[in-house]
Amino acid sequence: MMTNILVTASALSDQDLLAHLELLAGKERESLVELVAHLAALDSRPSLFAAQGFSSLFSYCTQALRLSEDASCNRIEAARACRRFPLILDLLASGSLTLTSVRLLAKHLTEANHQFVLAKARDRSRREIEVLEAELAPRPDIPSTVRKLPCPTAKPVPMSGPEPAMTSAPSAAGTAISPSPSALPATPRPIVQAWAPERYRVQFTIGQETHEKLRQLQALLRREIPDGDPGAIFDRALTVLLEKVEKPKLAASAKPRPNRPIRPETDKEVGKPGLPSRHVLGEVKRAVWGRDAGQCAFVAPTGRRCTERTFLEFHHIQPYALQGPATVDNISLRCWRHNQYEAELIFGNTGASIVREECASP
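Residues numbered from 1 in each chain as written. Predicted model: local features only at pLDDT ≥ 70, side-chain atom pairs only at ≥ 80, totals over all residues. Heavy atoms only, no water.

(A) Geometry of the overall build of the chain. Within the chain, the regular secondary structure consists of 14 helices and six strands. By residue count, 28% of the 362 residues in the chain fall in the buried class. Considering only contacts in the chain between residues 6 or more positions apart, those separated by 24 or more positions represent 54%. (Helix = DSSP H or I, 4+ residues; strand = E, 2+ residues; numbered from the N terminus. Buried < 20%, exposed > 50% of the residue type's maximum accessible area, 1.4 Å probe, protein only. Contact = heavy atoms within 4.5 Å.)

Have a look at this one:
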């Protein structure tokens, strides 16, 4: 029974679990490279899968090999790229390149540039690969547009008994009105996509109130932005919002002043003489944020630093509960997970509640 594998994995020690995962990931990459290489060979023999009753390599992958449609597309794209540039197989085997990276870059690879591009793509995230793709094939700026989407229509939910007349609100008889799933427009997800070097395409949907605010700003800024470009207004709005958010979260200021207590001992914990203040001063926040470059500063024993830049907190290296001061040397940025993890190392499982009391989120 395959369920026994879960029992076996759960019984492993921490070190054995990590070791097994690395081993399995390596085996998976090896199997992936072998599969891609064999698909490349099969792609060059279309009569072979045709004789088996499949009209295309995609049909063979989804039906005979039982791969998902997405998995089939990625592997077929990689197989065809590997036939042109076998170096890709070595990068896939080492984990330096992913199938998604190969799919995004394959159409831009040539005999002249493939070595340079593949070297630049090593160990890059998908977002970084999209930026590289935009450098290889820059696209012109898209025109700014504001378009009204179709409104969803509502249909009555079937009820038992005689069907009451439709009204704009639920009637006393209990008729419920809800939008039909088929009537709702297909709303694309928000997009922030690299479009050309240092140029990005942004797409999202706004509500009626936001649309009215945009129109008001276009009218008020007609002298500064004659064409009413939403992109230019978006940039100005982000600049103002960023300044507003940074001020309370990071104590950002054009002319920072040292914090001074209104009265002596104001920052001390009441009833706890001798303990330092847990409050992180603005000047400390600014220094720590700049030193840690807005990124979690946790470093694993292997030397790897956490790359998280969201849900960051100001962490006491020497915990406040152990009289750690809120100074630049003792405060460091941590993501939520590593803040909790380091608290558990010191206080055990109760460290989660302790660290939530002593940390401050940017």
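(B) Up close: the nonpolar core. Residues Val36, Leu57, Ile88, Leu97 and Val102 are the most contacted members of the largest nonpolar core, which totals 32 residues. Those elements giving two or more residues to this core turn out to be α2 (14-43), α4 (57-64), α5 (69-84), α6 (87-94), α7 (99-106), α8 (114-121) and α9 (126-136). Filtering out sequence-adjacent residues up to four positions away, valine 36 remains in contact with Arg75, Ala78, Ala79, Cys82, Leu89 and Leu99. (Core = buried A, V, L, I, M, F, W, Y, C linked by side-chain atoms within 4.5 Å.)

(C) View of the pairing of strand β3 (residues 191-196). Pairing of β3 with strand β4 (residues 199-203), which is carried by five bridges, proceeds in the antiparallel orientation. Among the inter-strand pairings, valine 192 is bridged to a residue of β4, identified as valine 202. Hairpin connection between β3 and β4: a loop of two residues separates the two successive antiparallel strands, and glutamate 198 in this loop has a positive phi of roughly 60°. (Pairing = 2+ DSSP bridges.)

(D) Seen up close, unusual backbone geometry. The backbone phi angle of arginine 66 is positive, close to 60°, even though this residue is not glycine. With respect to the helices and strands, the residue arginine 66 is situated in the loop between α4 and α5. One non-glycine residue, glutamine 323, adopts positive backbone phi at about 65°. As for its placement among the helices and strands, glutamine 323 is situated in the loop between β5 (312-316) and β6 (331-335).

(E) Broad picture of the pairing of β5. β5 sits mainly inside the fold: five of its five residues count as buried. By the alternation rule, side chains of β5 split into Leu312, Phe314 and His316 and Glu313 and His315, which are all buried. Sheet topology note: the β5/β6 ladder contains five bridges and is antiparallel. In the strand pairing of β6, glutamate 313 is matched with arginine 334.

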